[in-house]
Protein chains: 2
Amino acid sequence: MSDTEQKKQFVEDLTDQSDDFSRWYNEVVRKAQLADYAPVRGCMVIRPYGFGMWENIQRLLDARIKATGHQNVYMPLLIPESLLDKEAEHVEGFAPECAWVTHGGSEPLEERLAIRPTSEAIFGHMYSRWIESYRDLPLLLNQWANVMRWEKVTRLFLRTAEFLWQEGHTAHATAEECQEEVLRMLEVYRAFCEEDLAIPVYAGLKSDSEKFAGAERTYTIEALMRDGKALQAGTSHNLGQHFAKVFDITYQDEAGKRQFVHQTSWGVSTRLIGAVIMTHGDDAGLRLPPRIAPIQAVVVPIWRKDEERQSVLEFVKKVKAAVGDRVRLHVDDRDQYSPGWKYNEYEMRGVPVRIEVGPKDVAKGAVMTVLRVERKKESVPLEALATRLPELLDEVQKALFASASEFRAQHTATATSLANMERHFEAKRGFVAMPWDGDESLEAEIKARTSATLRCLPLDTNAFAGVEKGRKGIALFARSY
Amino acid sequence: MSDTEQKKQFVEDLTDQSDDFSRWYNEVVRKAQLADYAPVRGCMVIRPYGFGMWENIQRLLDARIKATGHQNVYMPLLIPESLLDKEAEHVEGFAPECAWVTHGGSEPLEERLAIRPTSEAIFGHMYSRWIESYRDLPLLLNQWANVMRWEKVTRLFLRTAEFLWQEGHTAHATAEECQEEVLRMLEVYRAFCEEDLAIPVYAGLKSDSEKFAGAERTYTIEALMRDGKALQAGTSHNLGQHFAKVFDITYQDEAGKRQFVHQTSWGVSTRLIGAVIMTHGDDAGLRLPPRIAPIQAVVVPIWRKDEERQSVLEFVKKVKAAVGDRVRLHVDDRDQYSPGWKYNEYEMRGVPVRIEVGPKDVAKGAVMTVLRVERKKESVPLEALATRLPELLDEVQKALFASASEFRAQHTATATSLANMERHFEAKRGFVAMPWDGDESLEAEIKARTSATLRCLPLDTNAFAGVEKGRKGIALFARSY
């Protein structure tokens, strides 16, 4: 088999989602060269195309985090065991999955150091030194960092021993301001997911069984994957005064009295890349939301005869010049691959718009644009491209959100009893909304019988108009990642 | 003492550089709130103002790295000992300063894992899997990451157990292309330091005694600090085929023959922040180059009577609107500090331009700009501010480079013998250039007698017109960080 045939097969060999979703996921991550397993158990290598997605996620989310008044810092990677030990629930939740440093050079350390699984302890320690007066509040910090959780079962982007994330840590004078911040950042995450990643999410409160180790309350945004399983896409925690009390983080209020601060923490991770893949992908491969696509449009030149080659490539230069830096454009002028092969490759890689330039297009002074969504074609005159191409990208962004929203609507059912719920999950997946009184034993029973967990109590119950509200509103159940 | 008096003293208490440079450095880092020591030995916390500098450094350098064709990736934090062991010189250089992970959760690991001190080993391992044909070359990757070296003596930004950096790792088909890349990235670093950080540097080759563990040749850029000590600001290594041979990184050439690749690696780190501080700072504190200053201009409103307050603050709003996002502007309208105190504070923090707005300025429809460099004053009409302010920033950027270049010229001497060299370093510091034949025992002798080390053999010997060239050109010696 020739090199080209091998590569063609490589693209065509993608498993259908309906045959084996999990296999489809693994294949698409590897074939689109998003990530690879590293030679350390459960750790990943993020390759340029996958990292390009992360860079766009970082840039867009960072702007939203800064627009809400936060500043970035960098805290150390290692946390002394004694600091981690201070908050009892926190250490119980995280110590079993910490990687431990025991030696520096050839010398054993006096105290073990954990590679941060999250940084509440180290922020707590520093906050107790930095915060003195009410004038120092609110303290609104964030960091972009790597963290490590020694997971047994791993999956690229979804659950790896090391992953990248941002973690916000804030301190406030009052419980009210603290809770406002928790909901503000949850809303930042919701808007980011829906507007930039084109992923519709339900925002809500976690039940006690699912909350963060050391938090008073955990809020979450929950997305639905194409296989009907839910994915927790981001969390925002109200830490109350748990950490303030054990780390002694106090401030002098206006009356000169010492008070404990109220804290929040919130984070999203490289898991979002997994969410993008599983929300939008189809049997031809990835479908990337234009706002985070490393390549927003790819130009594929087409010619049969050598004399056509030059005029086509000349025209491609004009296309590039016309578009400028309005769009992240890539020209694929490799000779060794056919246009057809390139179409397959860029569909696999989820590039939102393909721009075909053949001799007929050149003669017309136009290009043929093909959207990754439904392969919609349109001939665009060269002089209109600079304005039309961004519109087309916007169209793809909206179409992906609409398609994911429709899928979610089709896969959100209702139940009024445990029996309902069981029947549903025998045949189907997706979200099931039910009236909720806060019954923890029912939550446990549903989990035991259906493997669906309580994803959240949605804040906006209007989205579930047909569901009666219980004393605690509505609960959303789903099987999940 | 009142809170305000305490804070005033806090600023005025800065040690003079000439009294104790090292103390001046530590004080300015802490007082300007750039960084703090963490509760882990030798690790630092980078605070918002220091991290703002790093974010600007990242953004500007990353653009230069991408403009030369490189893409970013993320490699894992942990490196199995067996991988690190493969290259003999490399492991000998780095293993003694590795932090070792020995446990995951409660279980001991089968093999120790090093927190990366640098990532040649892990890139080497992945490159052997990714590179097959000459078409895969050159492979031009970079990563921004944290690394760890278990140093005994640490100093914020200059030498800490953990630091942030970028590390480029590339693979090439031929030795020529490899060497071109090494020099291309050295030039990227030189241009970045001189144009963005306003730090003049000498670019040159390291002697064998100072080269990177595992490299064939190391190139460096060397800067001069205000105390006359040199600082290595960035390095670019020609790794030859050392790693290719031990990691078996081969490609099939056009003739179908297996060949080993040729590799480079290159990096700069948060150490650059230390270089900026020690190149430009003066007895009033930091002086930040506008291109990387988190705050480029600070507006200080001034009023005595309450009736002035409103008109001044109204005018400040107009100033803000006029400047827009052309300049990173900060308005300090805190009531509890006097204008004079704010002047001191922002001088300490090195803000390039101060904009004073008092009742007289408002009456004139102008603001008073004061440059951090030589406190140069100029009244700028409001309508001219949007164009004048960027010009003033440019003036500060140039003045800092000119001042650092002049300082370096005054502190670059010449010697023709060991005796010369000894006499020089008895009384003075700075660089000393001497003709060089490549005599390693002379290099060792100079180091033993003067504590000056061979910083580099400068590539551009024209800068040392008065110095005769030896068989290996010219060698630059200095005491160093």
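Nothing here was measured: the structure is a model prediction, and the numbers come from that model.

Peer 1: I'd like a description of the overall build of chain A, backed by residues and values.
Peer 2: When its secondary structure is counted, chain A shows 15 helices and 23 strands. On C-alpha atoms alone, chain A measures out to a radius of gyration of 25 Å, which is about the 23 Å that the 2.2 N^0.38 rule sets for 481 residues. In terms of overall dimensions, chain A has a C-alpha envelope of 85 × 60 × 45 Å along the principal axes. Looking at chain A as a whole, 48% of its 481 residues are labelled buried. Partitioning the contacts of chain A with sequence separation of at least 6, the portion at a separation of at least 24 is 68%.

Peer 1: Would you mind going over the interface of chain B and chain A in detail, with residue names and values included?
Peer 2: Contacts between chain B and chain A engage 43 residues on the former and 43 residues on the latter. Per-element tally for the side of chain B that touches chain A: the top contributor is strand S5 (residues 99–104) of chain B, with six residues. Of the residues in the side of chain B that touches chain A, the class split is 29 nonpolar, nine polar and five charged. Relative to S5 of chain B, strand S5 (residues 99–104) of chain A runs antiparallel, the two sharing five bridges. Looking at the pairing, Ala99 of chain A lines up with Gly104 of chain B of S5 of chain B.

Peer 1: Quick one: what's the story with unusual backbone geometry, residue by residue and with numbers?
Peer 2: With an omega of -10°, the peptide bond between Leu137 of chain A and Pro138 of chain A qualifies as cis. Tracing the sequence through the fold places Pro138 of chain A in the loop between helix H6 (120–130) and strand S7 (139–148). Phi at Arg375 of chain B is positive, roughly 50°, even though this residue is not glycine. Mapped onto the fold, Arg375 of chain B is located in the loop between strand S18 (366–371) and strand S19 (377–381). The phi angle at Ser451 of chain B is positive, at roughly 55°, despite the residue not being glycine. Secondary-structure assignment places Ser451 of chain B in the loop between helix H15 (440–450) and strand S22 (453–458).

Peer 1: Run through the relation of the copies chain B and chain A, naming residues and quoting values.
Peer 2: Taken as rigid bodies, chain B and chain A are interconverted by a rotation of 180° and an axial shift of 0.0 Å, the fit giving an RMSD of 0.0 Å. Taken together, the rotation and translation relating the two chain copies correspond to the operation of a two-fold axis. Identified as the residue of chain B closest to the rotation axis by C-alpha distance is Val101 of chain B, at 2.1 Å. A share of 100% of the interface residues of chain B reappears at the interface of chain A, consistent with the copies meeting face to face through the same patch.

Peer 1: Lay out the sheet that holds strand S22 (residues 453–458) of chain A with the relevant residues and their values.
Peer 2: All names here are of chain A. In spatial order, the strands read S3-S7-S8-S14-S11-S10-S9-S22-S23-S21-S20; together these eleven strands make up an open sheet with mixed pairing. If you trace the sheet from one side to the other, it starts and ends with strand S3 (71–72) and strand S20 (412–414), each paired once. Along the sheet, H6 contacts S7, strand S8 (162–172) and strand S14 (262–269); its crossing angle with S8, the most-contacted strand, is approximately 30°.

Peer 1: Now, about helix H11 (residues 339–348) of chain A: what can you tell me, with residues and values included?
Peer 2: Those residues of H11 of chain A lying buried are Lys342, Asn344, Glu345, Tyr346, Glu347 and Met348 of chain A. Gly350 of chain A sits one or two residues past H11 of chain A and shows a positive phi near 75°.

Peer 1: Could you give an account of the sheet that holds strand S14 (residues 262–269) of chain B, naming the residues involved and the relevant values?
Peer 2: Residue and element names in this part refer to chain B. Read from one edge to the other, the open sheet built from eleven strands follows the order S3-S7-S8-S14-S11-S10-S9-S22-S23-S21-S20, with strand pairing classed as mixed. Sheet topology places strand S3 (71–72) and strand S20 (412–414) at the edges, where each strand pairs with a single neighbour. Relative to strand S23 (residues 474–478), S22 runs antiparallel, the two being bridged by three bridges. Its bridge partner being in S23, Thr453 is matched across the sheet by Ala478. The strands touched by helix H6 (residues 120–130) are strand S7 (139–148), strand S8 (162–172) and S14; relative to S8, the strand with the most contacts, the crossing angle is about 30°.

Peer 1: Which residues make up the confidence of the model for chain A, and what values go with them?
Peer 2: Predicted confidence across chain A gives a mean pLDDT of 95, with 98% of residues reaching 70 or more. Reported confidence for the predicted complex is 0.95 by ipTM and 0.96 by pTM.

Peer 1: Give a description of the domain arrangement of chain A that names residues and reports values.
Peer 2: When the domains of chain A are assigned, the result is domain 1 (16–280), domain 2 (297–392) and domain 3 (412–478). Relative placement of domain 1 of chain A and domain 2 of chain A: their C-alpha centres are 40 Å apart.

Peer 1: Can you explain the environment of Gly42 of chain B? Please cite residues and give values.
Peer 2: All names here are of chain B. Within the fold, Gly42 resides in the loop between strand S1 (35–37) and strand S2 (44–46). Under the C-beta neighbour-count criterion, Gly42 is labelled buried, with 20 such atoms within 10 Å. Each C-alpha atom, one on Gly42 and one on Thr154, is 5.6 Å from the other, the two residues being 112 residues apart in sequence. Those residues within four positions of Gly42 in sequence are excluded, and the remaining contacts are Glu151, Thr154, Thr160 and Ala161.

Peer 1: Can you explain the packing of helix H14 (residues 418–427) of chain B against H15 of chain B? Please cite residues and give values.
Peer 2: Residue and element names in this part refer to chain B. Contact geometry for H14 and H15: axes closest at 10 Å, N-to-C directions at 25°. Judged on the interaxial angle alone, H15 and H14 are roughly parallel. Between H14 and H15 the crossing geometry is right-handed. Residues Leu418, Met421, Glu422 and Phe425 of H14 touch H15, and the partners they reach there are Leu442, Glu445, Ile446, Arg449 and Thr450. Tallied by class, residues from the contact of H14 with H15 come to five nonpolar, one polar and three charged.

Peer 1: Please provide a residue-by-residue account of the environment of Leu385 of chain A, values included.
Peer 2: Mapped onto the fold, Leu385 of chain A is located in helix H13 (residues 385–410). Non-local contacts of Leu385 of chain A, meaning those with residues more than four positions away in its chain, are made with Val319, Ala322, Val323, Val367 and Val380 of chain A.

Peer 1: Any details on the packing of helix H10 (residues 306–323) of chain A against H13 of chain A? Residues and values, ideally.
Peer 2: In helix packing, the relevant descriptors are the interaxial angle and the interaxial distance, both defined with respect to the helix axes. Residues and elements named next belong to chain A. Relative orientation of the contacting elements H10 and H13 amounts to 75°, with a least axis distance of 8 Å. One element, H10, and the other, H13, form an angle in the roughly perpendicular class. Residues Val319, Ala322 and Val323 of H10 form the contact with H13, whose own contacting residues are Leu385, Ala386 and Leu389. Its residues placed into classes, the contact of H10 with H13 shows six nonpolar, no polar and no charged.

Peer 1: Give me the pairing of S22 of chain A: which residues, what numbers.
Peer 2: Residues and elements named next belong to chain A. With six of six residues buried, S22 lies mostly within the body of the structure. Pairing geometry for strand S9 (residues 201–205) and S22, over two bridges, is antiparallel. The residue bridging Gly204 from the neighbouring strand is Pro458, located in S22.

Peer 1: Could you give me a rundown of the pairing of strand S19 (residues 377–381) of chain A, with the residues and numbers involved?
Peer 2: Inspection of the sheet shows strand S18 (residues 366–371) of chain A paired to S19 of chain A by five bridges, in the antiparallel sense. Bridge pairing in S19 of chain A places Val367 of chain A opposite Val380 of chain A.

Peer 1: Pulling in residues and values, what's your account of the environment of Ala321 of chain B?
Peer 2: Tracing the backbone shows Ala321 of chain B in helix H10 (residues 306–323). Sequence separation of Ala321 of chain B and Ala386 of chain B is 65 residues, and the distance between their C-alpha atoms is 9.4 Å.

Each value, and the rule that gives it
Residues numbered from 1 in each chain as written. Chains lettered and ligands numbered in written order. Predicted model: local features only at pLDDT ≥ 70, side-chain atom pairs only at ≥ 80, totals over all residues. Helix = DSSP H or I, 4+ residues; strand = E, 2+ residues; numbered from the N terminus. Rg over C-alpha atoms; globule rule 2.2 N^0.38 Å. Buried ≥ 20, exposed ≤ 12 C-beta atoms within 10 Å, placed from the backbone. Contact = placed C-beta atoms within 7 Å. Nonpolar A, V, L, I, M, F, W, Y, C, P; charged D, E, K, R; others polar. Pairing = 2+ DSSP bridges. Least-squares fit on C-alpha atoms with pLDDT ≥ 70 in both. Axes fitted to C-alpha atoms, helices over the stretch in contact; angles between N-to-C directions. pLDDT = per-residue confidence, 0-100. Domains from an automatic or database assignment. Parallel < 35°, antiparallel > 145°, perpendicular 65-115°, else oblique. Left-handed = near helix turned anticlockwise from the far one by under 90°.

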